[in-house]
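Reading the structure
Spelled out, the chains give:
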Number of protein chains: 2
Amino acid sequence: MLKKMILPLTLAAAILGLSSAVYAEESPAEAAVEYRQGAYTITKTHFGRMGAMVKGATEFNAGEFKKDAEVVAMMSQIVGRGFELKDSITDDSEAKPNIWTDPEGFKSKLEAFQVEAANLVKAADTGDMEQIKPVFGKVAETCKACHKEYRED
Amino acid sequence: MLKKMILPLTLAAAILGLSSAVYAEESPAEAAVEYRQGAYTITKTHFGRMGAMVKGATEFNAGEFKKDAEVVAMMSQIVGRGFELKDSITDDSEAKPNIWTDPEGFKSKLEAFQVEAANLVKAADTGDMEQIKPVFGKVAETCKACHKEYRED
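Residues numbered from 1 in each chain as written. Chains lettered and ligands numbered in written order. Predicted model: local features only at pLDDT ≥ 70, side-chain atom pairs only at ≥ 80, totals over all residues. Heavy atoms only, no water.

A separate point is the pattern of salt bridges. One pass over the structure, following the stated rule, counts 16 salt bridges over all chains. The closest approach of N and O atoms between A:Arg49 and A:Glu64, which form a salt bridge, is 3.1 Å. One end of the pair, A:Arg49, is in helix α3 (residues 28-55); the other, A:Glu64, is in helix α4 (residues 62-78), and 15 residues separate them in sequence. Classification of A:Arg49 by relative accessible area gives partly exposed; the value is 27%. Salt-bridge contacts for B:Glu111 lead to B:Lys107; the nearest nitrogen and oxygen are separated by 3.8 Å. A residue pair is termed a helical-turn pair when its members lie 3 or 4 positions apart in one helix, as B:Glu111 and B:Lys107 do in helix α6 (residues 103-126) at four residues. (Salt bridge = Lys/Arg side-chain N within 4 Å of Asp/Glu carboxyl O. Helix = DSSP H or I, 4+ residues; strand = E, 2+ residues; numbered from the N terminus. Buried < 20%, exposed > 50% of the residue type's maximum accessible area, 1.4 Å probe, protein only.)

With that settled, the discussion passes to the interface of chain B and chain A. Taken together, the contact pairs 18 residues of chain B with 18 residues of chain A. On the chain B side of the interface with chain A, the three residues burying the most area are B:Tyr35, B:Met74 and B:Arg81, jointly 35% of the side's total. Counting every contact that joins chain B to chain A gives two salt bridges. The closest approach of N and O atoms between B:Glu64 and A:Arg81, which form a salt bridge, is 3.3 Å. Along the contact surface separating chain B from chain A lie six residue pairs in polar contact (both at pLDDT 80 or more). Secondary-structure elements contributing two or more residues to the side of chain B that touches chain A are α3 (28-55) and α4 (62-78) of chain B. (Contact = heavy atoms within 4.5 Å. Buried area = accessible area lost by both parts, 1.4 Å probe. Polar contact = N/O pair within 3.5 Å; in protein donor to acceptor, adjacent residues only side chain to side chain.)

In the superposition of chain B on chain A (RMSD 0.0 Å, axial shift 0.0 Å), the rotation amounts to 180 degrees. What we have between these two chains is a two-fold relation. It is B:Gly38 whose C-alpha, among those of chain B, lies nearest the rotation axis, at 1.8 Å. The residues that chain B uses at the interface reappear at the interface of chain A in 100% of cases, marking a shared surface. (Least-squares fit on C-alpha atoms with pLDDT ≥ 70 in both.)

If you look at the biggest cluster of nonpolar residues, it comprises 72 residues, and the most contacted ones within it are A:Phe65 and B:Phe65. With residues up to four places along the chain from it excluded, the contact list for B:Phe65 reads B:Met50, B:Met53, B:Val54, B:Phe60, B:Leu120, B:Ala124, B:Met129, B:Ile132 and B:Phe136. (Core = buried A, V, L, I, M, F, W, Y, C linked by side-chain atoms within 4.5 Å.)

Residues and elements named next belong to chain B. Taken as a whole and judged by the stated rule, the model has 11 aromatic pairs over all chains. Aromatic side chains Phe47 and Phe136 sit 4.3 Å apart centroid to centroid with 10 degrees between the ring planes, which places their arrangement in the stacked category. Here Phe47 is found in helix α3, whereas its partner Phe136 is found in helix α7 (residues 129-150), with 89 residues between them in sequence. Neither residue differs from the other here; Phe47 and Phe136 are each classed as buried. In this structure an aromatic cluster arises from ring pairing among Tyr40, Phe83, Trp100, Phe106 and Tyr150. (Phe/Tyr/Trp six-rings, centres within 6.5 Å; stacked < 30°, edge-to-face > 60°.)

Right, here's the structure in full:
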């Protein structure tokens, strides 16, 4: 659909003498993909920072860990907005169509992520790595479970 | 610098028989750009949602406004990490080199954003659009002030 629209739009823009900056408005699907990929990039970065502390690759800093956990928890709350537009798949997207043909399944996977990410903030409050570790593992499982079903490899 | 590295990497990968998925590891600069652009995409989206309520284009929902303000405030706290890598400019980036030649100036602009974004959360707590409006305007000013100095047009 999108691809079919690009040529006519480009032609129309050329005829009207518009620069690419004028006609290259983001489509709603592109905006949705950009939004959710932004949320995942931030999630991945802060999850990675926590992972390095969990593995002992970097020194455990309870305050930083807490902040990272809060960022991931917030991302878990907002990333769903990026999937609200049905079939919002672009060339840049790794989303699978079953996100929208199996909305209940996708929703349950997203909610599991939200629950465990919130639990990780609570665990981070203890400042005790022994309590944090298993919860961190559970968050990682919710990531993998959703990617397995709903993300292209 | 980055461009100069791409050809040798591609050749090396071809010689080693690696697929693009293997050798196309993100550079630190690319990762930094992706991170801060992710944070700005999320900021822009939630700021836009608030802006629509401020202008009356969408109905004011105090709870949603508060959540949007909290997201923007958190992004204001984390986006600076995306600029820590000196001279992290790529083809995708709109960052200007003076971010790193004038670090104090950039820092003061970023801090102004953080202060006003936190003030907006407090204003949102009142649930009173008359109190929210001027603070929203101040946040917008901090965005513009930083973009004017440190972002390519």
